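Residue strings, one per chain:
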There are 2 protein chains.
Amino acid sequence: MNVDIKMLAKHLRLSISTVSRALRDSYEISAKTKQRVKEMAAQLNYQPNPYASSLRKNKSKTIAVVIPEITNNFFALAINGIEYISQEKKYHVLIYLTHESLLKEIEVANHLQNGRVDGVLLSLSAETNKYDHLVNLKATGIPVVFFDRICESIPGSCITTDDFEGGFAATEHLILCKCKKIAYLDLSRHLSISSKRMQGYVAALNKHNIHVDERLIMQFSNDVSANEEVITDALDSSDRPDGIFASVEKLAIASYNVCEKLKINIPEQVKIIGFSNLEISSLLNPSLSTITQPAYEIGKQAALQLLRYLEKKNMTDVHETIILKSTLIPRGSTKVTSFK
Amino acid sequence: MNVDIKMLAKHLRLSISTVSRALRDSYEISAKTKQRVKEMAAQLNYQPNPYASSLRKNKSKTIAVVIPEITNNFFALAINGIEYISQEKKYHVLIYLTHESLLKEIEVANHLQNGRVDGVLLSLSAETNKYDHLVNLKATGIPVVFFDRICESIPGSCITTDDFEGGFAATEHLILCKCKKIAYLDLSRHLSISSKRMQGYVAALNKHNIHVDERLIMQFSNDVSANEEVITDALDSSDRPDGIFASVEKLAIASYNVCEKLKINIPEQVKIIGFSNLEISSLLNPSLSTITQPAYEIGKQAALQLLRYLEKKNMTDVHETIILKSTLIPRGSTKVTSFK
């Protein structure tokens, strides 16, 4: 019987990830543990997964991009950046969608273990709150670079933006535009981008001595009509917020839809700003103020990082975090008007 | 040396596609030709591609979706429809982008011949004006279903919309809204959807006794700034069109951008309608009148058609054309105003 990395890990009472890193001589693992792992591997006659080894020779010249959704301008632009670099380096790109589902993400990660691709670029689903599937994927020797929605519990390479600063800038912009009651629309408690953007929101409120009201921090899901109901409940009341900070594009759009339905004037009655890469933000009625991420550049950097790793034979792992800057673009939806 | 289907075709002085269909006993090929092909195959000791045979057993449980671009709401929605059906039938979906490039489409088609997937759903690039790469792909035994931008020169299965009727309805709507000088914005001379939409445009003009002015039929490309220049030239003149029919979404958006820049009022000075699946059409300033295709349903039908074929062992080829209906949704951009 062949001994695989899972059995080896079980014998050693270590995690698959630790064993994998020890075998790859990672600096994160102590010399003592490495020694123990290698002795046990020799004793059990462990052979590295032949598929993974063939991968390391970059036979397929293909990388996978795993993203949560496709009807989102951030990901569409990031993919164009990824494709630009891949094309240059003659790699094929396969795109997998998780539709914001953890189960689907697990399914895709397991599927990718079969050696179909040389490396993976991944942005977590909103539901993802455990990471075994990603640890296992990396343990098979397939490098994974996270972009935007990164995974902080797994060491590795990440490309992201300054989400705290973006959240702070968006909130302070609303405060400077005279908003006193600012709602934060959150996509997921699990995602690093959400929690950092929210930390920025809280920090800006604190700086300006505005009380943080928990009822104004609202949770949303992938369900468009449920989301619009939550926003409707919030806006269809006498003490409604006078500012909305949408942490993702689709929640800004949902807010516009609800305001149209309830005949609430933007920006007179409520001001809206959102993280968004919508190219037609300026054509909306009113034009949407945004925190805009350098989505195309994020895609390029993520692909560069992964391909640099794949082209170098003796790199043990990718370990670099790149943080790119977002930009605040004020437009009509946060304009200060004379009457209110 | 192994004899492949290409050599077999060369010996027979037949096309690869004919030989492939003869070997698969297609009804399209005469009994006489089939006999000739089979005799030559035996004589040359031709062995069918083992990869293609394993494919026919649906080993990979994976289908490819090849689309021209990702920042387009039609394709985003179609993919969601494709994924819905594939998920149900437990197939994986790989998405490939051609970025409207024939070369890239050829590269992807050749790559798919390696047996990576069981079947292919494809929408042609705007540049595609020859089809050998697709004939060759089908000849390896991998079924291809075309959707939206179908290929009329290759027999097979197609899912599309009533593009002629859509083009007619859009143009007649502008005429009924008092437009007398209607421009047609065309993406590609090669695509069936473009030529059908244009035929609808011409038919509506004819019905209403409006002269077809060739200068109002404008060609566009994948280059956003070049496109905006062409529209600027057309709108920045004294005898500018009073109606614009954009055959694809991005040309409607480009028209909005140019009108904003030139301070031309929509709909007072120019009315605009476009084929579009933009979910936020109603939030634009002004809201955009559209011909909206059932994109999600097109995706579902295309996937159903392909998977039905893959699940049936003895089907020789897919040969069905499904035409779904689009809808005219009049909004602010074609509103008749009292002054003009």
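Residues numbered from 1 in each chain as written. Chains lettered and ligands numbered in written order. Predicted model: local features only at pLDDT ≥ 70, side-chain atom pairs only at ≥ 80, totals over all residues. Heavy atoms only, no water.

**What to know about the pairing of strand 1 (residues 62-67) of chain B**
Consecutive side chains of a regular strand alternate in pointing toward one face of the sheet and then the other.
Residue and element names in this part refer to chain B.
And then number 1: Among the 6 residues that make up strand 1, 6 are buried, leaving the element largely enclosed by the rest of the structure.
And then number 2: Residues of strand 1 alternate between two faces, with Thr62, Ala64 and Val66 on one and Ile63, Val65 and Ile67 on the opposite face, all of them buried.
And then number 3: Direction of pairing for strand 1 relative to strand 2 (residues 92-97): parallel, over a ladder of 6 bridges. In the sheet register, threonine 62 faces strand 2, and the bridge partner there is histidine 92.
And then number 4: For the handedness criterion, the β-α-β arrangement of strand 1, helix 5 (residues 73-88) and strand 2 is classed as right-handed.
And then number 5: In this sheet, strand 3 (residues 119-122) lies alongside strand 1 in parallel orientation, the contact comprising 4 bridges. Bridge pairing links valine 66 to leucine 122 in strand 3. (Buried < 20%, exposed > 50% of the residue type's maximum accessible area, 1.4 Å probe, protein only. Helix = DSSP H or I, 4+ residues; strand = E, 2+ residues; numbered from the N terminus. Pairing = 2+ DSSP bridges. Right-handed = clockwise from strand over helix to strand, strands pointing away.)

**Things to note about the pattern of salt bridges**
And then number 1: All told, the structure shown has 20 salt bridges over all chains when counted by the stated rule.
And then number 2: Three or more residues joined by partner-sharing salt bridges are found here, namely Glu69(A), Glu100(A), Arg149(A) and Lys250(A). (Salt bridge = Lys/Arg side-chain N within 4 Å of Asp/Glu carboxyl O.)

**A closer look at the nonpolar core**
And then number 1: Val120(A), Phe146(A), Val120(B) and Phe146(B) are the most contacted members of the largest nonpolar core, which has 136 residues in total.
And then number 2: Every residue in contact with Phe146(B), bar those within four places of it in the chain, is listed here: Leu122(B), Leu124(B), Leu134(B), Cys151(B), Ile154(B), Ser157(B), Cys158(B) and Ile159(B).
And then number 3: In terms of nonpolar packing, the next biggest core, distinct from the first, is built from 60 residues, Phe74(A), Ile322(A), Ala76(B) and Leu310(B) among them. (Core = buried A, V, L, I, M, F, W, Y, C linked by side-chain atoms within 4.5 Å. Contact = heavy atoms within 4.5 Å.)

**Concerning the pairing of strand 3 of chain B**
Residue and element names in this part refer to chain B.
And then number 1: Burial along strand 3 is two-sided: the face carrying Gly119 and Leu121 and the face carrying Val120 and Leu122 are both buried.
And then number 2: Looking at chain direction, strand 3 and strand 4 (residues 144-147) are connected through 3 bridges and run parallel. Bridging from a neighbouring strand, valine 120 pairs with valine 144 of strand 4.
And then number 3: A crossover connection joins strand 3 to the parallel strand 4 through helix 7 (residues 132-139); in handedness this β-α-β unit is right-handed.

**Observations regarding the packing of helix 5 (residues 73-88) of chain A against helix 12 (residues 295-311) of chain A**
Residues and elements named next belong to chain A.
And then number 1: Where helix 5 contacts helix 12, the two axes come as close as 7 Å, and the packing angle between them is 40 degrees. One element, helix 5, and the other, helix 12, form an angle in the oblique class. Between helix 5 and helix 12 lies a crossing of right-handed hand. Counting all contacts with helix 5, which are made through Phe74, Leu77, Ala78, Asn80, Gly81, Ile82, Tyr84, Ile85 and Ser86, the residues of helix 12 involved are Ala295, Tyr296, Ile298, Gly299, Lys300, Ala303, Leu304 and Leu307. (Axes fitted to C-alpha atoms, helices over the stretch in contact; angles between N-to-C directions. Parallel < 35°, antiparallel > 145°, perpendicular 65-115°, else oblique. Left-handed = near helix turned anticlockwise from the far one by under 90°.)

**Describing the interface of chain A and chain B**
And then number 1: Chain A puts 30 residues into the contact, and the matching count from chain B is 30 residues.
And then number 2: Sorting the residues of chain A by area buried against chain B places Ile70(A), His92(A) and Leu283(A) first, and these three jointly supply 21% of that buried surface.
And then number 3: Taken together, the links from chain A to chain B amount to 0 salt bridges.
And then number 4: Linking chain A to chain B there are 9 residue pairs in polar contact (both at pLDDT 80 or more).
And then number 5: Contributing elements (two or more residues each) for the side of chain A that touches chain B: helix 5, strand 2 (92-97), helix 6 (102-112) and helix 11 (249-262) of chain A.
And then number 6: At 6 residues, strand 2 of chain A tops the list of elements feeding residues into the side of chain A that touches chain B. (Buried area = accessible area lost by both parts, 1.4 Å probe. Polar contact = N/O pair within 3.5 Å; in protein donor to acceptor, adjacent residues only side chain to side chain.)

**So, the domain arrangement of chain A**
Residue and element names in this part refer to chain A.
And then number 1: When its domains are assigned, chain A resolves into domain 1 (5-43), domain 2 (57-161 + 295-324) and domain 3 (163-292 + 328-334).
And then number 2: Spacing between the C-alpha centres of domain 2 and domain 3 amounts to 29 Å.
And then number 3: On the side of domain 3, 15 residues touch domain 2, which itself brings 20 residues to the contact.
And then number 4: For the domain 2 and domain 3 pair, buried surface summed over both sides reaches about 1300 Å², with 45% attributable to carbon and sulfur atoms.
And then number 5: If you sort the residues of domain 2 by the area they bury against domain 3, Asn73, Ala126 and Arg149 come out on top, with a joint share of 32%.
And then number 6: Of the charged contacts in the structure, one is a salt bridge between lysine 250 and glutamate 100, with a shortest N-O distance of 4.0 Å. (Domains from an automatic or database assignment.)

**Examining the sheet that holds strand 12 (residues 327-329) of chain B**
Residues and elements named next belong to chain B.
And then number 1: Judged by pairing direction, the sheet is mixed, and its 6 strands sit side by side in the order 7-6-8-9-10-12 without closing on themselves. A single partner strand is all that each edge strand has here, and the edge strands are strand 7 (217-219) and strand 12. Strand-to-strand twist in this sheet, taken as the mean axis angle between neighbours without regard to direction, amounts to 20 degrees.
And then number 2: Strand direction decides the pairing type here: strand 6 (residues 182-186) and strand 7, joined by 3 bridges, are parallel. Paired with aspartate 186 across the strands is glutamine 219, a residue of strand 7.
And then number 3: Relative to the sheet, helix 11 (residues 249-262) contacts strand 6, strand 8 (243-246) and strand 9 (271-275), its axis offset from that of strand 9 by approximately 155 degrees.

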